[in-house]
Amino acid sequence: MADTFTLHLKVWRQAGPDQDGKLVDYTVDNVNEHMSFLEMLDVLNEQIVAEGREEPIEFDYDCREGICGSCDLVINGRAHGPKAMTCTCQLHMRNYSDGDTIVIEPFRAKGFPVIKDLVVDRSAFDRIIEAGGYVSVRTGAAPDANSIPIEKSVADTAFDYATCIGCGACVAACPNSSASLFTGAKLAHLNRLPQGEPERKRRTVAMVEQMEKEGFGDCSNYAECEAVCPKGISISAIAEMRRNYMKAAFAGEEL
Amino acid sequence: MNLDSKVPSGPLEDKWSKHLKDIKLVAPNNKRKHDVIVVGTGLAGGSAAASLAELGYNVKSFCIQDSARRAHSIAAQGGINAAKNYPNDGDTIWRLFYDTIKGGDYRSRESNTYRLAQISNEIIDQAVAQGVPFAREYGGLLANRSFGGAQVSRTFYARGQTGQQLLLGAYQAMMRQVHDGKIEMYTRHEMLDLVMVGGKARGIVTRDLVSGEIQRWMADAVVLATGGYGNVFYLSTNAKNSNVTAAWRCHKRGAGFANPCYVQIHPTCIPVSGDYQSKLTLMSESLRNDGRVWVPKKKGDDRPPNDIPEEERYYYLEEKYPAFGNLVPRDVASRNAKIVCDKGMGVGPTGRAVYLDFRDAIKRDGRKTISEKYGNLFEMYENITGDNPYEVPMRIFPAVHYTMGGLWVDYNLMSNVPGLFVAGEANFSDHGANRLGASALMQGLSDGYFIIPYTVGNYLADAELDEIDTTHQAFDEAAANAQQHIDKLLGVQGDKSVIDFHRELGQIMWDKVGISRNEEGLKQAISEIQELREEFWQNVRVPGEAANYNKYLEFAGRVADFLELGELMARDALHRDESAGCHLREEHQSEEGEAIRNDEEYSYVAAWEFQGVNGQLQEELHKENLEFEFVELKQRSYK
């Protein structure tokens with residue numbers, strides 16, 4: 001069996017949205033290299049529940065296989081931890097060693113208010129999609145699927161942008177708390193497809209403006225978002241979004 | 001309990017079109033007078049909510065996640081079937097229907113399964129129009145691949161993230177309706193009870209998972225699309241929050257629970273590594289297109305797999321099933337993995353794993369081609385196990401994945417409770433005793449986009465609904481009931497964690513109600529679950545408060561329901577004294593371990609009616625006979 005080891009954690013505890021939070025120290029023994037990061041936190045929570053002195057640590061998770069986008073921890077200052085292209089739930093403890101200290105914080109941004117401990121409210125992302133992140137086609141109104149041929153490279157690139165899981169790491173990593181990579185990725189997915197073309201301008205302007213309304217900052221090309229994105233989405237999406245936005249918003253065309 | 005399936009008469013091919021012709025309509029100006037609640041935002045719930053709202057109904061949509069986009073449909077990897085016959089390999093609607101009903105070992109309704117195959121093509125059209133980026137060929141047209149249980153290539157896919165892309169399509173369609181004010185969206189809300197007035201479903205009670213508030217919601221119809229109950233096994237490929245609570249509470253209000261013992265164990269998952277394990281990760285079935293499944297011929301052979309020469313490898317699926325090879329249906333693949341491991345030929349530290357080897361495929365097609373097809377799955381595997389599947393074979397083992405059973409529904413997808421519709425994995429309808437790969441996405445979207453929107457209208461057109469509001473005593477009673485249940489859970493203040501109870505339940509289920517079952521084991525399981533349930537209510541420790549964000553409290557409520565459902569599953573498995581699909585009774589198998597059905601006695605849907613819990617679960621069995629007018633029942637053969 002694999003060796004077990006001990007870790008020291010500093011975990012952000014915050015009782016509610018309007019309360020002050022602080023980092024609290026914990027020690028976890030018997031960490032196994034095959035555990036996922038969240039399983040390590042499960043073990044800590046079981047320890048906290050057994051001791052009964054305080055409430056367990058709240059954190060979001062669901063699929064635990066890197067696709068639902070629920071998990072959202074800043075680990076030693078980096079959204080989703082040290083491994084590139086990896087969600088918190090896919091991070092395994094073999095990346096750590098005996099005696100390490102790990103600081104665990106929520107995704108921090110004005111647009112992501114804390115609910116409790118490490119749980120934040122990311123509903124701003126839903127409202128950005130609501131503003132225009134779709135193709136307006138009613139159920140039943142579709143032509144035969146093969147009546148719209150799409151160049152393979154275009155379809156593949158659209159897919160690459162469509163793989164965004166909406167976790168918000170891009171916002172957490174950005175010094176400006178910008179949601180440009182999230183918004184740009186959806187625009188880059190839909191705007192390049194023939195199905196998305198008719199609404200391209202309207203969609204771009206609506207989503208960009210909603211992003212600003214939600215309190216997310218501007219993009220200053222730090223590219224921190226791309227570095228932490230668990231799906232490796234390229235910041236080319238942001239350049240494309242700006243180009244489309246400029247053309248649509250300032251060309252004086254009717255939207 | 002009335003189990004009238006309401007299947008239209010006439011030839012199989014014409015039933016759905018005839019039904020659509022006969023279905024009652026609600027005029028546009030009246031649609032806006034009707035409120036419809038949709039619980040769950042996966043493929044079925046999301047597509048139903050969007051389509052109902054497009055028609056003009058006022059939809060309230062609820063999910064337990066922090067966004068509708070996170071429902072567990074998102075994790076489906078491999079693909080979605082449709083009878084488009086784009087590859088020109090002889091596929092037809094009949095063939096898709098036949099494969100599905102045969103794959104389900106003749107334990108589903110012909111009419112529902114045929115309709116599913118008919119609708120399959122419309123789903124692909126709809127998804128493409130929404131901008132779902134399916135894989136394409138260089139000519140710009142859609143690509144297909146093969147999946148288990150079929151001899152044609154009919155599976156559409158978006159790399160290994162087909163569920164994600166289809167779900168985002170449905171989610172985006174929903175968000176468009178939220179924007180238009182036709183859907184009110186409630187995230188982080190959990191349904192805790194169904195409200196019945198005058199014998200009809202008229203609303204739900206929820207808990208706001210952030211504030212803990214118990215809330216009441218009224219409607220003219222309720223659509224339940226809350227997924228399956230695989231997490232009764234604790235370890236499964238389901239998301240951690242997937243649960244049976246909404247469906248189980250409907251069952252306790254009178255909805256029949258059908259075929260609870262039909263559980264699909266997926267053959268290709270990453271094996272368990274230790275006690276701390278919180279979930280199991282599936283590796284898409286599509287991998288069996290190119291990966292070869294084998295174990296060493298010699299028992300306990302602990303040489304590294306690449307050092308084991310060809311003649312000492314047992315490619316057991318290819319040898320036993322030459323016609324389908326590695327692409328046999330899931331139940332057959334899972335059972336055979338168990339058989340070879342039980343014989344001592346399993347690999348890895350626990351001996352409970354088999355190899356899935358890409359060496360030959362990489363040699364044949366090159367690393368680049370394999371990477372294009374499965375790149376993200378290989379990365380996922382390496383992330384979890386630390387092994388690189390381009391260099392060494394994957395180690396895989398079966399894990400609980402999907403539940404074919406669920407709430408009983410008629411042809412309109414309405415349960416026996418008027419006004420309560422059930423869609424997607426939460427119902428029992430289309431897959432019989434075993435679901436074929438790439439059929440879950442098809443069913444969820446078929447139910448949500450193309451069936452529910454019509455059949456809900458058919459119900460509302462002449463439903464006589466009482467004028468009520470949420471102060472009606474039925475709402476008082478349901479809300480008080482939900483609150484009491486929570487208070488009771490918090491009040492026990494015992495010594496044992498919710499997770500320990502769940503893990504123990506899971507172990508009983510896996511050992512005795514898992515890949516294979518027998519009379520003695522099932523009887524033991526029933527009494528062990530009863531004991532565990534009693535201990536739970538005396539000794540569970542639920543930390544925290546009711547009026548706050550409290551994940552442990554959420555889980556405690558779900559585990560309490562699983563502790564009842566588990567007993568029903570064992571009893572259903574015990575009563576079904578035959579083997580069928582995923583339900584293998586050891587008393588009824590061939591020498592080679594194939595399932596032997598008993599069509600004379602068990603060709604029916606078992607729908608259980610809840611009576612009470614009094615130490616033991618009290619349930620009454622009702623039967624809907626399955627009549628096969630159009631297909632001939634045969635012993636399944638994939639040889």
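As shown above, the structure is provided for reference.
Attention in this report is confined to the structure presented alongside it. For clarity, every value in this text was computed on a predicted model and none was experimentally measured.

Rules used throughout
Residues numbered from 1 in each chain as written. Chains lettered and ligands numbered in written order. Predicted model: local features only at pLDDT ≥ 70, side-chain atom pairs only at ≥ 80, totals over all residues. Heavy atoms only, no water. Contact = heavy atoms within 4.5 Å. Buried area = accessible area lost by both parts, 1.4 Å probe. Salt bridge = Lys/Arg side-chain N within 4 Å of Asp/Glu carboxyl O. Polar contact = N/O pair within 3.5 Å; in protein donor to acceptor, adjacent residues only side chain to side chain. Helix = DSSP H or I, 4+ residues; strand = E, 2+ residues; numbered from the N terminus. Buried < 20%, exposed > 50% of the residue type's maximum accessible area, 1.4 Å probe, protein only. Phe/Tyr/Trp six-rings, centres within 6.5 Å; stacked < 30°, edge-to-face > 60°. Lys NZ or Arg CZ within 6 Å of the ring centre and 35° of its normal.

### Some words on the interface of chain B and chain A
- Tallying the contact residues gives 77 residues for chain B and 77 residues for chain A.
- The junction of chain B with chain A conceals about 6,500 Å² of combined surface from both sides, 50% of it contributed by carbon and sulfur atoms.
- In terms of surface lost to chain A, no three residues of chain B exceed B:R70, B:Y276 and B:N383, which account for 11% of the buried area on that side.
- The interface formed by chain B and chain A holds 5 salt bridges in total.
- Close ionic contact of B:K279 with A:E65 constitutes a salt bridge, the shortest N to O distance being 2.6 Å.
- Connecting chain B to chain A are 49 residue pairs in polar contact (both at pLDDT 80 or more).
- When contributions to the side of chain B that touches chain A are tallied by element, the ones reaching two or more residues are α3 (43-55), α5 (110-130), α6 (162-179), α11 (367-385), α12 (440-462), α14 (498-512) and α16 (551-575) of chain B.

### Some points on the side chain of B:S236
- Looking at the element boundaries, B:S236 is found in the loop between β9 (221-224) and α7 (245-252).
- With residues near it in sequence (within four places) discarded, B:S236 still touches B:G230, B:N231, B:K279, B:L280 and B:V400.

### Points about the pattern of salt bridges
- Tallying each qualifying case throughout the model produces 72 salt bridges over all chains.
- For B:K24, the salt bridge identified is with B:D462, shortest N-O distance 3.6 Å. With B:K24 in the loop between α1 (15-22) and α2 (28-31) and B:D462 in helix α12, the pair connects residues that are 438 residues apart, well separated along the chain.
- The partly exposed category is assigned to B:K24, whose relative accessible area is 37%.
- In this structure, B:D66 engages B:R188 in a salt bridge whose closest nitrogen and oxygen atoms are separated by 3.9 Å. Note that B:D66 is positioned in the loop between β2 (58-62) and β3 (80-81) and B:R188 in the loop between β5 (183-186) and β6 (189-197), a separation of 122 residues in sequence. Residue B:D66 shares its accessibility class with B:R188, and that shared class is buried.
- Among the ionic contacts, a cluster of salt bridges with common partners joins A:D60, A:D72, A:R122, B:D66, B:R70 and B:R188.

### What to know about the packing of aromatic side chains
- Per the counting criterion, the structure on display carries 32 aromatic pairs over all chains.
- Ring centres 5.3 Å apart and planes at 70° place the aromatic pair A:F112 and A:F125 in the edge-to-face group. With A:F112 in the loop between β5 (101-106) and β6 (114-116) and A:F125 in helix α2 (residues 123-132), this pair connects stretches of sequence that are 13 residues apart.
- In this structure A:F112 comes out as buried when scored by relative accessible area, which is 1%.
- Put simply, the rings of A:F112, A:F125, A:F182 and A:F216 pair up and form one aromatic cluster.
- The aromatic ring of B:Y390 is capped on one face by B:R367, whose charged end is 4.0 Å from the ring centroid.

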